[in-house]
Amino acid sequence: IQTHPIKTGIIGEAIEKKSIQNISNNYSYPGCNGQVDIDTSLPVVCVPVIHENEVIAAFQVLNTRGIQGLSTQMKARLLPVDFEILDYFAKQLAQCLSLIHI
């Protein structure tokens, strides 16, 4: 098992800020770290999993919606409901992980 400092990569930003990070292109984003972040040029969303105000995990998903015509500086288009779904999933995952004491 490899370990990395908690602030490593885009996923580390999501953990540190305790907020969803929406990145249009990993390769052009200066905070990207190929050792911990998904290896893609597609838009990526990083989501912290929070239980009792502590980040216990994080996950990344590819955002394949709305990628046509994106420049490397633009945020990929996500609807508020997309963030709500990711937040709901993260809360459910936090609950499951807390039950198995991860």
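Above: the structure in question.
Since the model is a prediction, treat every value here as computed from it, not as a measurement.

(A) Quick look at the overall build of the chain. When helices and strands are tallied, the chain shows 2 helices and 3 strands. The proportion of buried residues among the 102 residues of the chain is 34%. Summing over all exposed atoms, the chain offers an accessible surface of approximately 6,600 Å²; the carbon and sulfur share of this is 56%.

(B) Focus on a nonpolar patch on the surface. Judged by side-chain polarity, L79, V81 and I85 come together as a nonpolar surface patch covering roughly 270 Å² of accessible area. Position of L79 among the secondary structure elements: in the loop between β3 (54-62) and α2 (80-99). When its relative accessible area of 49% is taken as the criterion, L79 is described as partly exposed.

(C) Structural detail: the side chain of D37. Within the fold, D37 resides in the loop between β1 (21-23) and β2 (44-51). Here D37 is buried and forms no salt bridge, its nearest opposite-charge partner K17 lying at an N-O distance of 12 Å. If near-sequence neighbours (up to four positions away) are discounted, D37 is found in contact with G9, I10, I11, N26, G31, C32 and Q60.

The rules behind each value
- Residues numbered from 1 in each chain as written.
- Predicted model: local features only at pLDDT ≥ 70, side-chain atom pairs only at ≥ 80, totals over all residues.
- Heavy atoms only, no water.
- Helix = DSSP H or I, 4+ residues; strand = E, 2+ residues; numbered from the N terminus.
- Buried < 20%, exposed > 50% of the residue type's maximum accessible area, 1.4 Å probe, protein only.
- Areas by Shrake-Rupley, 256 points an atom, 1.4 Å probe, with all protein chains shown as cover.
- Patch = residues over 30% accessible without salt bridge, like charges linked within 9 Å, V, L, I, M, F, W, Y side chains within 5 Å.
- Salt bridge = Lys/Arg side-chain N within 4 Å of Asp/Glu carboxyl O.
- Lys, Arg positive; Asp, Glu negative; His and termini not counted.
- Contact = heavy atoms within 4.5 Å.

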